[in-house]
Amino acid sequence: MIPTVTTDRLILRGARRDDFGAFADMLASDRAVFMGGPFDRAAAWRLFAMNLAGWPLDGFGVWMITDRTTGAFMGDVGISHPDRFPEPELGWTLTAAAEGKGFATEAARAALNWYWANTDAQSVVSYITPGNTRSEALATKLGATYDPDAPYPTAKRPQKRRSSVTGGPHDHPHRHPRPHN
């Protein structure tokens, strides 16, 4: 049910139970601060399961990013549409080891290309927490622009450490328009 997408260096594939340890470690680290974390294992499990749920519910969802050569877990990327979100969101998270090598760009571009080829959507949004300059730069590199008129999610995800969580009224929505070929 979950398609596999390959790029020059990556494989985007459905989550497997043996991915969860690395996924939970990534979300327990400060790498998850811009999405409302760090998260404990129980919260990481809920996000892991939510990532899988999008595929049968919406026909799109989140992939695990793995190194095409070694098979190592590198993060996740995809388009999700949780109940509290007014529209689908493109998001990505990488492990520290995968940071700064262009993997996020490669993975997000592949996810967007798959989305455009398999839906009739005219755009998708990325909610980016202020201060997350790397994600803002990536969204811009992918062709997104700041969209102050984008609707915000209806409720915040419970969290303990931050007053701004992904999809909150302080985030910067970036609109990715469907390319016109």
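What counts and what doesn't
Residues numbered from 1 in each chain as written. Predicted model: local features only at pLDDT ≥ 70, side-chain atom pairs only at ≥ 80, totals over all residues. Heavy atoms only, no water. Helix = DSSP H or I, 4+ residues; strand = E, 2+ residues; numbered from the N terminus. Rg over C-alpha atoms; globule rule 2.2 N^0.38 Å. Buried < 20%, exposed > 50% of the residue type's maximum accessible area, 1.4 Å probe, protein only. Contact = heavy atoms within 4.5 Å. Areas by Shrake-Rupley, 256 points an atom, 1.4 Å probe, with all protein chains shown as cover. Lys, Arg positive; Asp, Glu negative; His and termini not counted. Charge placed at Lys NZ, Arg CZ, Asp CG, Glu CD. Salt bridge = Lys/Arg side-chain N within 4 Å of Asp/Glu carboxyl O. Polar contact = N/O pair within 3.5 Å; in protein donor to acceptor, adjacent residues only side chain to side chain. Core = buried A, V, L, I, M, F, W, Y, C linked by side-chain atoms within 4.5 Å. Phe/Tyr/Trp six-rings, centres within 6.5 Å; stacked < 30°, edge-to-face > 60°.

*Asks:* Hey, could you go over the overall build of the protein for me, with residue numbers and the actual values?
*Replies:* Assigned secondary structure in the protein consists of four helices and eight strands. Each helix (α) and strand (β) of the protein, taken in turn from the N terminus, gives the series β-β-α-α-β-β-β-α-β-α-β-β. Taking 16 Å as the expected radius of gyration for a compact globule of 181 residues, we find that the protein reaches 15 Å, a close match to that expectation. Projected onto its principal axes, the C-alpha positions of the protein cover 45 × 40 × 30 Å. Counting every position in the protein, which comprises 181 residues, the buried fraction comes to 51%. Put simply, 66% of the contacts in the protein that link residues at least 6 apart link residues at least 24 apart. Carbon and sulfur atoms provide 53% of the accessible area of the protein, an area that totals close to 9000 Å². The distance from the centre of the 20 positive side-chain charges to the centre of the 19 negative ones in the protein is 4 Å.

*Asks:* Explain the pattern of salt bridges to me, using residue names and the numbers behind them.
*Replies:* All told, the structure shown has seven salt bridges when counted by the stated rule. Taking the shortest distance from any N to any O, the salt bridge between R9 and E106 comes out at 2.7 Å. A residue pair is termed long-range when its members are at least 10 positions apart, and R9 in the loop between β1 (5-6) and β2 (10-13) and E106 in helix α3 (residues 103-118) qualify at 97 residues. Using a relative accessible area of 33% as the deciding quantity, one classes R9 as partly exposed. For the salt bridge of R16 with D18, the shortest nitrogen-to-oxygen distance reads 3.7 Å. Overall, the relative accessible area of 45% leaves R16 in the partly exposed class. Here the residues in one salt-bridge network are R31, E99 and R134, joined through shared partners.

*Asks:* Which residues make up the side chain of S126, and what values do they have?
*Replies:* Turning to its location among the elements, S126 is positioned in strand β6 (residues 123-128). Given a relative accessible area of 1%, S126 falls into the buried group. A polar side-chain atom of S126 sits 2.8 Å from the main-chain carbonyl oxygen of L90. Not counting the four nearest positions on each side in its chain, S126 is found in contact with E89, L90, W92, H172, P173, H174 and H176.

*Asks:* Got a sec to walk through the nonpolar core? Specific residues and values, please.
*Replies:* The biggest cluster of nonpolar side chains holds 31 residues, and the ones touching the most others in it are L12, I65, V77, L90, W92 and Y115. Among the elements of the structure, β2, β3 (62-67), β4 (73-80), β5 (89-94), α3, β6 and α4 (133-141) are those that each provide at least two residues to this core. At 10 residues, the largest contribution of residues to this core is made by α3. Setting aside chain neighbours within four positions, we find V77 in contact with L12, G61, V62, W63, I65, L90, G91, W92, A107, A108 and A111. A15, F20, F23 and A44 belong to the second largest nonpolar core, which has 15 residues in total.

*Asks:* Report on the packing of aromatic side chains, specifying residues and quantitative values.
*Replies:* Inspection of every chain in the model, using the stated rule, returns 11 aromatic pairs. Taken together, a centroid distance of 5.3 Å and an interplanar angle of 65° make the contact between F20 and F48 edge-to-face. In this pair, F20 is assigned in helix α1 (residues 20-28) and F48 in helix α2 (residues 41-58), connecting sequence segments 28 residues apart. The same class applies to F20 and to F48, which are both buried. A ring pair is formed by W55 and W63, whose centres lie 5.0 Å apart and whose planes are at 65°; its orientation type is edge-to-face. Within the aromatic cluster, the residues linked to one another by ring pairs are F20, F23, W45 and F48.

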